[in-house]
Structures are given as C-alpha cells and as structure tokens.
Amino acid sequence: MAERTPGTPGTPLPPVPPPVPDAPLDGSSDDAHAMGLAPVTVLRQIAAACTYPELLEDPAVPEGARCRARRILQEMEAGNIGSYNHEHRALGVPRRVAQFLQRRDAGVPSDPHSIVLTNGTSSILPFVMSLLVDVTSACPTGVLVPVPGPPVHARAAGLAGAVAVPYPLAEEQGWAVDVGTVRQELRRARARCHPKVLCVVNPGDPTGHVLSQQNMVDIIQLVAEENLLLLADEGQQDRAFDPDQPFVSFRRVLWEMGAPFSSTIQIISFYSLSKSIAGESGFRVGFLELVNVEQAVVRPFHLAQSIPRPCVLGRILLDILMGPPDKGDPIQQALEEQQRLCHHLAQQWQLLQEVLAQGSLRCQPGQGGARACPRLQLPPRALRQAQELGLEPDVFFCQQLLEATGVLLAPGSEFGQAEGTQHVVVSLLPPAATLKSVLLALTHFHTTFIQAFS
C-alpha cells in the first residue's frame, strides 16, 4: 500500500505516549472534587452532625464542629433538618448572606429581601431570563453573552424564549470586555431582536481573567446608556488569586459611582457553592442578589413555587460560609482553605505559562478562576480536513489529541470564541503533577500536529 502524505485525510498522526497510566484523563473540568481537590473537612463534619445528631456526642467529631452543628439545629423546626424549614430559607440564611455581602463590599448595604436562594446557577438562569421576555412582542428579547464564556447563559436564553447575542471578549487585552465591540454587536442585534440583558462573567470562565474596576465602570456606563439589565455571574469570586487584580463586585463599583447610577442601574448577581472555596458541586446551592430591580421582576422570585430551591443541607453549608468566624471557630479552617486554593491556582497558572512557553501555544495571563484557555495555531491543511469532516477545527484537534495521548480537553468552540480563532480549555484544579502531564502531552502533540499538517 502506498504511504499517505502527512496531513491528507485519513493520515494517522505519530503516536504520543499517554501521560498517565489511567487514560483517558479529563483535563478541562471545573468540578473541584472530581479534579482531585479534597473537601473542607469541617464543613463535612458539621453537615454530618446535622444529618445524624448522634454524632453531636461523638468525640470523633471535633467539639468545635459539634458546637456549630448544635447552633444550626436550634434554628431548625423541631431541631431537625428533615422539615421544610421555611423560615431558615426565607429569612435566616438571606440575612446572613446580606451581612456577608456588606462585609465583602466594604460596607455597601444589602437588603436580605433582595437575596434569593437558588438550586445552583444553571437551574435558575432560565427563570430569571423568562421574567425579562415580553411574550406579547413580535420581536424576541436579546441577551448578550460573552464568548468565550459558560455555555449555560446562551442555553438559558433559549429556554426562556430569548435570543442569545454573542459578543467576543478582547483576547489581546487580557480578555477584557471591549465596550466598543459590545456596542457593535448591539447595533447588529437590533435588526433581529430587542436586547435587554448584558451578561458579564467575572472572574472569567474559562478565560481566567478578572475585570479591572475601570473596565467595570465602562460596562456600567454602557448598560445605563443602552437601558440594559446587567446580569453579573460572579460565581468564581473565591478563586481570584492575583493581589494586583483583586475581585471587586459590580454592586460595589456601582455604589462607588454614586448617583444616578447607584440608584437606577439594575443588576442581578450570582454566587454558587460549586465555585466557592468549598467546591461542593453536588449540594446544588447558591444565591442571587437583586439590585435596583423593579418590583415586577422581584415579586415572582418570592411568590413562584416553581423556582428550584436548594435542599436544607445545601443551605446549611452556604450559611456556614457566609458567617465570619469567631476566635477559635472551626470555620477558620475554611478561610485557610481559600488561601491554599488561591495559592494553588496561582502556582498552576505559573506552571501552565512555563510549559506552554516550551512549544508554540500561548495563553493570556490569568488572575482568577479554575480554567485557562490557550490559543491554538492550526495549519490551513488541518482546517480544511476538519471542514471535510464537518467538525470545528478545535474539535478535530481535541479528538486527535484524545486518540494520541488519552488526554481529554474541551474545545474552545464549546464556550464560543472570536471568528477565525481556535482554543482548548485546560483545568487548573488537578494536582500539579497531573496538570504538568496534561500540558506536556498537549504541547508535544500540538507540535506533532502542526508538523503532520504543514
């Protein structure tokens, strides 16, 4: 049989040894525990004691954790988490969330009645967007979503009967939100929909950027001029690690801008236990805060019985994280865990840049979040072959990478990307040795791939 020319359809690429014995290896998930990070022990101990009160007298559970569990159970109806515990959901936890937000934002006031506990971000987003859709209008509602960004925003818009309007982040500016670009997308979108919502993800996912305060001021001014509601996905805030670019909430920036912005701009912001220092994705709990949101939108949150509510145990874990620890409080361990997580992510970003520098892949610096989004450089022949196969170029690359190395990475097209660019998404949560293996396999394969298709 005649040898095929490298890069022609069906040409096998030179094999690269799998980096780890147990391939395939998921290298792009943002699920903390699935990627190898250990739970915060004291949170699990308190949850266990609340669920099984016999542990309240068991010395195997530290006294500090048992004491906190007793205090929690005293707030429960009949001292039992098995009840509905409506007051705990409607008043107790929201009050402590509001206090947490006020401490986080240097005293900016927060009203407990503006806090809505949710069963995670993905399940509440379609409900939020549905409240903004005018079903009587022949022109659909538009929701501007960042690319790259979490796919959940565009999907939620579709489920709510709205139209997702992608706007590209400025990669060469550290994935900033380019207000001029957003304006262009707004003008184009008005030919097919009525844009009402601007989604912003800060810290970014999967890009790992943290917005500067000036960029946030520009965004708020844009929202004011265009009469948009700002939907701020701030779920990754506990994972911001760069002291030179700290996380600052949109509600704080809005407050510091003063009138008329602070009293008129509508913001709905999100927080999730999945992306918190706890990383507890399985409990499905978070909250949203409604800032300056008109009552017609606020009222359904408190009246609708169809809103997915968090389970009592999930609310307990969220509640624990919201309160400031007293001296000697076991929750101090959770704060120490946040410091360790941020240090881990900072080291992982440094490792990523060092390994990628050995090859031809490049990635914008990161300041927060749990993932990175390196940019691929794919030869024209590879682009043509992907087209012949009916695949996005980065999907084709990731398939070849998986077959050759056993490493599973997400293509950037799953998160959206600027036209003509290709990316892969890499998780920074695994242990350093695992991440290094993934990155070495990626850089080696990328070099081999370019040679094969040149």
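Coordinates for the structure precede this section.
Residues numbered from 1 in each chain as written. Predicted model: local features only at pLDDT ≥ 70, side-chain atom pairs only at ≥ 80, totals over all residues. Heavy atoms only, no water.

## Notes on the overall build of the protein chain
Along the backbone of the protein chain there are 15 helices and 13 strands. Radius of gyration (C-alpha) of the protein chain: 23 Å, near the 22 Å computed for a compact globule of 454 residues. With the principal axes as the frame, the protein chain shows a C-alpha extent of 80 × 60 × 40 Å. A buried classification covers 55% of the 454 residues belonging to the protein chain. When contacts within the protein chain are restricted to residue pairs at least 6 apart in sequence, long-range pairs at least 24 apart make up 72% of them. A distance of 2 Å separates the average location of the 34 positive side-chain charges in the protein chain from that of its 44 negative side-chain charges. (Helix = DSSP H or I, 4+ residues; strand = E, 2+ residues; numbered from the N terminus. Rg over C-alpha atoms; globule rule 2.2 N^0.38 Å. Buried < 20%, exposed > 50% of the residue type's maximum accessible area, 1.4 Å probe, protein only. Contact = heavy atoms within 4.5 Å. Lys, Arg positive; Asp, Glu negative; His and termini not counted. Charge placed at Lys NZ, Arg CZ, Asp CG, Glu CD.)

## Concerning the nonpolar core
Taken as a class, soluble globular proteins show a tendency for nonpolar side chains to be buried jointly. Core analysis: the biggest nonpolar cluster contains 40 residues, and Leu352, Phe397, Leu409, Leu439, Leu442 and Phe449 have the highest contact counts within it. For this core, the secondary structure elements donating two or more residues are α12 (332-356), α13 (380-388), α14 (393-405), β13 (422-427) and α15 (432-453). Considering each element in turn, this core owes the most residues, nine residues, to α15. Counting 39 residues, the second-largest nonpolar core is a separate cluster that includes Ile72, Phe100, Ile316 and Ile320. (Core = buried A, V, L, I, M, F, W, Y, C linked by side-chain atoms within 4.5 Å.)

## Considering the packing of aromatic side chains
Counting across every chain of the model gives eight aromatic pairs. Between Phe100 and Tyr271, the aromatic rings sit 6.1 Å apart at their centres with planes inclined by 65°, giving edge-to-face as the arrangement. With Phe100 in helix α3 (residues 86-104) and Tyr271 in strand β7 (residues 267-272), this pair connects stretches of sequence that are 171 residues apart. Each member of the pair, Phe100 together with Tyr271, is buried. (Phe/Tyr/Trp six-rings, centres within 6.5 Å; stacked < 30°, edge-to-face > 60°.)

## Here we look at unusual backbone geometry
Cis geometry marks the peptide bond from Asp205 to Pro206, where omega comes out at 10°. Mapping Pro206 onto the fold places it in the loop between β5 (194-201) and α7 (213-226). Here the residue pair Ala259 and Pro260 is connected by a cis peptide bond, since its omega of 5° sits within 30 degrees of zero. Although it is not a glycine, Asn227 adopts a positive phi angle of roughly 55°. With respect to the helices and strands, Asn227 occurs in the loop between α7 and β6 (229-233). With a relative accessible area of 67%, Asn227 lands in the exposed category. Its identity is not glycine, yet Arg284 carries a phi of approximately 50°, on the positive side. Looking at where Arg284 falls in the secondary structure, it is placed in the loop between β7 and β8 (286-291).

## Points about the sheet that holds strand β3 (residues 141-147)
With mixed pairing, the seven strands of this open sheet are ordered in space as β2-β8-β7-β6-β5-β3-β4. Of all strands in the sheet, those bounded by a partner on one side alone are β2 (115-118) and β4 (163-168). When strand polarity is set aside, the average angle formed by the axes of neighbouring strands in this sheet is 25°. Bridge count for β7 against β8 is six bridges, and the pairing is antiparallel. Its bridge partner being in β8, Ser272 is matched across the sheet by Gly286. (Pairing = 2+ DSSP bridges. Axes fitted to C-alpha atoms, helices over the stretch in contact; angles between N-to-C directions.)

## Some details on the packing of helix α1 (residues 41-51) against helix α2 (residues 63-74)
Two elements in contact, α1 and α2, have axes whose closest approach is 9 Å; the angle formed by their N-to-C orientations is 50°. Taken together, the axes of α1 and α2 lie oblique to each other. Judged by the sense of rotation from one axis to the other, the crossing of α1 with α2 is right-handed. Along the contact surface, α1 presents Val42, Gln45, Ile46, Ala49 and Cys50, while α2 presents Ala65, Arg68, Ala69, Ile72 and Leu73. (Parallel < 35°, antiparallel > 145°, perpendicular 65-115°, else oblique. Left-handed = near helix turned anticlockwise from the far one by under 90°.)

## A short note on the packing of helix α6 (residues 179-189) against α7
It is at 10 Å that the axes of α6 and α7 come closest, and there the two elements cross at 25°. Classified by the interaxial angle, the pair formed by α6 and α7 is roughly parallel. When you trace α6 past α7, the crossing you get is right-handed. Between α6 and α7, the residues in contact are Val179, Val182, Arg183 and Leu186 and Asp218, Ile219, Leu222, Glu225 and Glu226, respectively. Residues of the contact of α6 with α7, tallied by class, amount to five nonpolar, no polar and four charged. (Nonpolar A, V, L, I, M, F, W, Y, C, P; charged D, E, K, R; others polar.)

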